[in-house]
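# Chains, contacts and geometry: an overview
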Amino acid sequence: MTNLAVIGTQWGDEGKGKVVDLLAEGADMVVRFQGGNNAGHTLVVGGSTYALHLVPSGILHPEKTSVVASGVVVDPGVLIGEIKALTGRGVEISPRNLKISGKAHVILPYHKRLDEARESAAGAGKIGTTGRGIGPTYEDKAARVGLRLSDLLDPGLFGAKAKIALEEKNCLLTNLYGQKPIEISELLELAREWASFLSPYIVDTFEIIHNASKEGKNILFEGAQGVQLDIDHGTYPFVTSSNPTAGAVSVGSGLPPNELHKVMGLVKAYTSRVGEGPFPTELADETGQRIREIGGEYGTTTGRPRRCGWLDAVVVRTAVDLCGIESLAVTKLDVLRGLPEIKMATSYRLGGKSLAHVPGTLSGLAQAEPVYETFKGFDGDISAAKGLGDLPPEAKAFLDRLAEAVGARIGLVSVGPERDQTIVLDKPFGAPARAGA
Ligand code: GDP
Ligand code: IMO
Ligand code: MG
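Because the structure is a prediction, the values reported are computed rather than measured.

Here is what the cut-offs are and how they apply
Residues numbered from 1 in each chain as written. Chains lettered and ligands numbered in written order. Predicted model: local features only at pLDDT ≥ 70, side-chain atom pairs only at ≥ 80, totals over all residues. Heavy atoms only, no water. Near = heavy atom within 4 Å. Polar contact = N/O pair within 3.5 Å; in protein donor to acceptor, adjacent residues only side chain to side chain. Nonpolar A, V, L, I, M, F, W, Y, C, P; charged D, E, K, R; others polar. Domains from an automatic or database assignment. Donors = N, O, S within 2.8 Å, 3.2 Å for Na, K, Ca; no water. Helix = DSSP H or I, 4+ residues; strand = E, 2+ residues; numbered from the N terminus. Buried < 20%, exposed > 50% of the residue type's maximum accessible area, 1.4 Å probe, protein only. Pairing = 2+ DSSP bridges. Areas by Shrake-Rupley, 256 points an atom, 1.4 Å probe, with all protein chains shown as cover. Axes fitted to C-alpha atoms, helices over the stretch in contact; angles between N-to-C directions. Left-handed = near helix turned anticlockwise from the far one by under 90°. Contact = heavy atoms within 4.5 Å. Expected span 1.5 Å × (residues − 1). Buried area = accessible area lost by both parts, 1.4 Å probe. Salt bridge = Lys/Arg side-chain N within 4 Å of Asp/Glu carboxyl O.

## Observations concerning the site of ligand 2
- Every one of the 20 residues lining ligand 2 counts as a neighbour, but Asp13, Lys16, His41, Thr130 and Thr240 are closest to it.
- Between an oxygen atom of ligand 2 and a main-chain N or O atom of Gly128, the distance comes to 3.4 Å.
- Within the side chain of Thr130, an N or O atom sits 2.6 Å from an oxygen atom of ligand 2.
- A per-class count over the shell around ligand 2 returns 7 nonpolar, 10 polar and 3 charged.
- Both of domain 1 (3-97 + 204-424) and domain 2 (105-198) provide at least three residues apiece to the shell around ligand 2.

Below you can see the structure in the form of structure tokens.
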């Protein structure tokens, strides 16, 4: 009855995995629609931790259908490794409950090599990518020289396409970056291995999603990354190569735009960023350090320490307005416990003007000054809070101001990594968003 997207409003790592796992209870299907294994979504269930990169975060609910749709870029080796590791831990995964689009593009060894080579050649100008080959794979998709998962099912076609692509990649690897070439035999061997494992999972996911929507099922779309990493709307060029904004749900899955009913924005109660690029509310001091340690802000994918800073409502408002977010899921509120005061930027000042949205140029962003509002800190353990009434008034005031500042209601508050450490205010799958939906 309801199709809902969960979108990261900041620079990723807002806790999308936790919230998707929780909301999946009420969904029939969970769909990844963009990004690749640059994503790291951590679920903590009953004391066990699962770090997912490509498998959708609904997978711990075996009766739900998990879908990797066409907008995702897939490193088959990573996907196979993830499926094997999960099944080894008792998670039920089979072609019955995991469907992978044949249209999804394949991350090949030369994509990773090019990603890494470019980053090291860029020196101080690097983006700080995850090194997973994401950018080069999306480039090839746009250049129409990419290989898709369906190509794995036709070895002759795969070989012919890979041979042409490899000629150009080897030219770059050897001449520009002084590296050894990649042999076609290596790719053909990998393709054989990947196809033998993955072929039962590879299907036309568009039709599966279309049928589910027409049958009135509840579909949950799981965003990866966050709005400020969007290639069009983020802090370009310090972004990823896909669109984590809500518009990509339609492009990346084939769901018609008017069948997406609700968008929930994930907001960490402070801000973090991995990699390079502007970050107006960054705290390069002890408070930033404290938030990183208490919040465990080390990358799920690369283990890199995440840069931390105050909550930036300008960033969140930009996401709300770009994605049509009506409801916010605020995570990691518990991490702010014990700070004497908490800040939130509610606007920027640039050239004597007040800005409500993130400026569209790097120079504008570098000069913009966050305008802070200061809140009294709160103490006491909130990690068992079950309702807003269980929160200290200071924490509640912070949430109320966020909702007011960005123009969206608080729909969920997360106070710890476990499923039951959540105050659920909105039941997104409870009622249709609009008549006839
Ligand atoms: P994602 O990429 O948006 O899915 O987020 P990550 O999984 O990369 O990072 C979020 C981290 O915070 C994970 O380790 C979660 O287990 C953890 N987490 C999620 N929600 C909460 C919360 O409310 N409080 C605390 N303390 N940790 C949380
Ligand atoms: P989840 O889904 C945080 C960042 C990288 C780098 C930039 C480009 O866990 O929120 P890429 O490898 O995509 O070309 O890197 O984007 N980045 C993320 N940061 N969370 C993520 O995913 C990210 N995925 C990519 O650190 O700055
Ligand atoms: Mg993450």
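Further notes follow.
## Some details on the coordination of the magnesium ion (ligand 3)
- Here the magnesium ion (ligand 3) is held by the protein donor atoms Asp13 (OD) and Gly40 (O), which lie 2.0 to 2.2 Å from it. Residue Asp13 is found in the loop between strand 1 (3-8) and helix 1 (16-23), and its partner Gly40 is found in the loop between strand 2 (29-32) and strand 3 (41-45); the two are separated by 27 residues along the sequence.

## Digging into the pairing of strand 3
- Of all 5 residues in strand 3, 4 are buried; the element is thus mostly enclosed.
- Bridge analysis of strand 3 against strand 4 (residues 48-52) gives 5 bridges, and the strand direction is antiparallel. Following the sheet pairing, His41 is matched in strand 4 by Leu52.
- Taking the residues that link successive antiparallel strands as the turn, the strand 3-strand 4 hairpin has 2 residues, and the phi of Gly46 there is positive, at about 55 degrees.

## A few points about the site of ligand 1
- Near ligand 1 you find 19 residues, and of these Lys16, Gly17, Thr42, Asp334 and Ser414 are the closest.
- One of the side-chain N or O atoms of Asp13 is found 3.0 Å from an oxygen atom in ligand 1.
- Within the backbone of Lys16, an N or O atom sits 2.8 Å from an oxygen atom of ligand 1.
- About the coverage of ligand 1: the protein hides 91% of its 590 Å² of free accessible area.
- Elements with a minimum of two residues in the shell around ligand 1: helix 1 and strand 3.

## As for helix 1
- Counting buried positions along helix 1 gives 8 out of 8 residues, so the element sits mostly inside the fold.
- Within helix 1 the residues assigned to the buried category are Lys16, Gly17, Lys18, Val19, Val20, Asp21, Leu22 and Leu23.

## Examining the packing of helix 5 (residues 155-176) against helix 6 (residues 184-198)
- Contact pair helix 5 / helix 6: the axes reach a minimum separation of 10 Å and the direction vectors enclose 140 degrees. For the pair helix 5 and helix 6, the crossing hand works out as right-handed. Contacts from Phe158, Gly159, Ala162, Lys163 and Leu166 of helix 5 reach helix 6 at Ile184, Leu187, Leu188 and Ala191.

## Side note on unusual backbone geometry
- The step from Tyr236 to Pro237 runs through a cis peptide bond, and the omega angle for that step is 5 degrees.
- The backbone of Asp13 shows a phi angle near 60 degrees, a positive value even though the residue is not glycine.
- Since its relative accessible area comes to 22%, Asp13 is described here as partly exposed.
- Look at Arg144: it is not a glycine, yet its phi comes out positive at around 65 degrees.
- Inspection of the secondary structure puts Arg144 in the loop between helix 4 (134-143) and helix 5.
- The exposed category is assigned to Arg144, whose relative accessible area is 75%.

## Quick look at helix 3 (residues 109-122)
- Between its first and last C-alpha, helix 3 extends 20 Å over 14 residues, near the 20 Å set by a 1.5 Å rise per residue.
- Taken as a whole, helix 3 has its buried residues at Pro109, Tyr110, His111, Leu114, Asp115, Ala117 and Glu119.
- Check the buried side of helix 3 and you find it contacts strand 8 (105-106), helix 4, helix 5 and helix 6.
- Among the residues trailing helix 3, Gly123 stands out with phi positive, at a value near 55 degrees.

## Quick notes on the domain arrangement of the protein
- Domain assignment breaks the protein into domain 1 (3-97 + 204-424) and domain 2 (105-198).
- For domain 1 versus domain 2, the distance between C-alpha centres works out to 29 Å.
- Taken together, the contact between domain 1 and domain 2 spans 28 residues of the former and 19 residues of the latter.
- When the buried area of domain 1 at its contact with domain 2 is split by residue, Val73, Pro76 and Ile80 rank highest and sum to 26% of it.
- Scanning the region where domain 1 abuts domain 2 turns up 2 salt bridges.
- For the salt bridge of Lys126 with Glu276, the shortest nitrogen-to-oxygen distance reads 4.0 Å.
- For the interface between domain 1 and domain 2, the tally reads 7 residue pairs in polar contact (both at pLDDT 80 or more).

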